[in-house]
Amino acid sequence: MTSMHQGDIVIIGASETTQIGVRPDTSVLGLHAEAARNALADAGLTARDIDGVATAGPLTLEVSHHLGIQPRWLDGTLVGGCSFLLHVRHAAAAIAAGAADVVLVTHGESGRSRIGSPPRSPDPASAAGQFEHVYGAQAPYSTFTVPAMAFLHQRGLTREHLAHVVVAQRTWAANNSRAFRRTPITIEEVLDGPPIAYPFTRDMCCVVTDGGGALVLTSAERARDMPGGDRAVFLLGSGESAEGPLVSQMADLGSSLAFRNSSREAFRTAGVVHSDVDHLMAYDAFAHLPLYMLEDLGFVGRGESGDFVADGNTAKGGRLPMNTTGGGLSYTHTGMYGMFAIQEAVRQLRGDAVEQLPAVEISFVQGVGLYFAAAGSLVLSNRRG
Amino acid sequence: MTGPSPTPVPDTLPYWDGAGVEELRIQLCLPCRTHYFYPRPFCPRCGSAEVQWTTVSGRAHLVSYIINYRPLPPFDPTTPIVIALVQLAEGPRMMTTIVDVDPTPESLRLDMPLEVRFLQRAAFTLPVFTPLPETR
C-alpha cells in the first residue's frame, strides 16, 4: 500500500519561471502557465499526463483550464505563502489514496508589477478588519512585524540579531544572478538603512518581486518509468497547522503554535530527527521569522536562535545552511513565497543549486502564511528513506 | 488620527457601542472567570455560552510595538504611528495605537503601564492607549 510519506510520493518535476524579479511582460495567470510548462518539461511530461491540480491565488479551475488539463482532483487551499507546502502534502495524500496519479502545483504572482493581479480588498467586518486594521496593522510590514519586539525582549536579544539574519542570507545571494538583492551588506548598513517599521529597516523586510514556480508530483512507483525518474525528490514527511487570523491573539507572541505543530508532525511522519537535517528553508518574509522557526522547530533552544545565526551556523560553512538562495529577504518574494522555498530544497537535493551544498540528503522546508496564521512543513530527501 | 473605520457585526456591536460612550467592554466567561477577546457569544477556551459583557478598568501594559514610518492611506503617510500590542489588566491582549507619546523607541518602554483613551474617527470611537501620567 502506498503511503503519503516515507518516500512513497515524489516530486518528479520542479521549476521556477524562466525569469523572476521584474516581469511586467507577464500576467499572474501567465506566470502560473510559464512555471507549469517549465516544470512539466523538467519532468519530461505534458499537460495530458496531469490529472490533479492545486494552486492558490487564481481558482484552481482557471489554471487547469488555461493549461488544457481536465482534472479529476482539485485543491485550492489558500493559507497565504505556505499554501504550496500544504498542496504538496494534500497531493501526496490524494496520490496515495488513488484520487490522483500525477499532480501539478502552481504558483505565480505579480507582486511588483501587479499585472493581471486582483485588487486588494481588506474586509472591515472581519475580526482583523475591526480589531487590527483600524490601528494600521494591515500591510505585511505593519502587522507581521508587531510581535518581534516581544520576541526579542523575552529573550534578551537585540535588533543586531535581526541584522545578522539579513547579513548571513545576503552572502548566499551574492553569487546568484536570479537574486533581487545581491550586494554584500554589513550589520551597520542593515541597522542604518531606511526605517520601515521600527525595529525593522528596509533590508530586514523581504523584496517585492514577480515570478512563479511549479511542481509535479506522483508516486515513487510511477516515477520509475518516467523520464525524470532518476532525479526524483522523495517526500519523507509533512505537517500543517493554523493558529488564527489575528496577530494580536497569538497564544505566545514569542512563539508560533502553528510552527510548532506543523514541524512536529513533519518530523514525526518522516521519522527523522534534527541532526539528520542537512539544509533548512525557513520562510523569511521578515528577519524575525527564521529566529522564531529555528526555536519553534527545535533546531535550537529557546533564546538561542539569535546567537546561532550571529555565530555563522546558518551561513556558508555553517552546520545548518539556511535559506541558501538568500530567501525572501534577498532572493525573491512574490507575495506567497513558499513555492520558492520548496524549489530551492529540490535544487539542493538534485545537486542543481547555485550555492550547492556538499552531501545534502535531507532538506526541511518550513512555511508560514497570512502572517502568523498558518504553517506548513515538508521533509524532502534525495533518498527514499 | 485618520484611518479606516470598522464595520461592526452583531457579535461585536456591544464592544463598539461601549467605545461610543467611552467604555472598554470585554466579555467574561462565567465558568472560567476569565475575560476573552475578540468578542464572540461563547468562550473560546471552554466553549461555554455563559458569558457576559463587562466594562474593564482600561489599565494595560505594553507588550510589543512597531513604529510604522510608512502608514498607508487613509492614514496620514507623513506621520509615523505606533502600532502596539497591549495586555489588559484583566488578561486579554489587544492591538491598538499609543497616543500622546513621541513615536520613538526611547519613549516606548516594554512593560510600561498604559491607560485607555478614546479617539473619534468618522462615525466611530476607537479605544487607544496612552502612558500613565507618572511614567510619561
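Residues numbered from 1 in each chain as written. Chains lettered and ligands numbered in written order. Predicted model: local features only at pLDDT ≥ 70, side-chain atom pairs only at ≥ 80, totals over all residues.

## Some words on the interface of chain B and chain A
Alright, step 1. The interface is formed by 31 residues belonging to chain B together with 28 residues belonging to chain A.
Alright, step 2. For the side of chain B that touches chain A, the secondary structure elements donating two or more residues are strand E4 (59–68), strand E5 (81–88) and strand E6 (93–97) of chain B.
Alright, step 3. In terms of residue count, the dominant contributor to the side of chain B that touches chain A is E4 of chain B (6 residues).
Alright, step 4. Across the side of chain B that touches chain A, the residue classes break down as 21 nonpolar, 8 polar and 2 charged. (Contact = placed C-beta atoms within 7 Å. Helix = DSSP H or I, 4+ residues; strand = E, 2+ residues; numbered from the N terminus. Nonpolar A, V, L, I, M, F, W, Y, C, P; charged D, E, K, R; others polar.)

## Looking at the pairing of strand E11 (residues 374–381) of chain A
Residue and element names in this part refer to chain A.
Alright, step 1. In terms of burial, E11 is largely enclosed, as 8 of its 8 residues are buried.
Alright, step 2. Side chains of E11 alternate between two faces, with Ala374, Gly376, Leu378 and Leu380 and Ala375, Ser377, Val379 and Ser381 buried alike.
Alright, step 3. As paired elements, strand E8 (residues 233–242) and E11 share 8 bridges and run antiparallel to each other. Note on E11: the bridge partner recorded for phenylalanine 234 is serine 381.
Alright, step 4. Hairpin geometry of strand E10 (residues 362–369) and E11 is characterised by an intervening segment of 4 residues between the two adjacent antiparallel strands and by a positive phi of about 55° at leucine 370. (Buried ≥ 20, exposed ≤ 12 C-beta atoms within 10 Å, placed from the backbone. Pairing = 2+ DSSP bridges.)

## Describing the domain arrangement of chain A
Residues and elements named next belong to chain A.
Alright, step 1. Each assigned domain of chain A is listed with its residue range as follows: domain 1 (9–115 + 209–235) and domain 2 (135–207 + 237–381).
Alright, step 2. Relative to domain 2, the C-alpha centre of domain 1 lies at a distance of 23 Å.
Alright, step 3. Across the contact, 30 residues belong to domain 1 and 35 residues belong to domain 2.
Alright, step 4. In terms of residue count, helix H3 (residues 83–97) provides more of the side of domain 1 that touches domain 2 than any other element does, 7 residues in total.
Alright, step 5. Residue composition of the side of domain 1 that touches domain 2, by class: 15 nonpolar, 10 polar and 5 charged. (Domains from an automatic or database assignment.)

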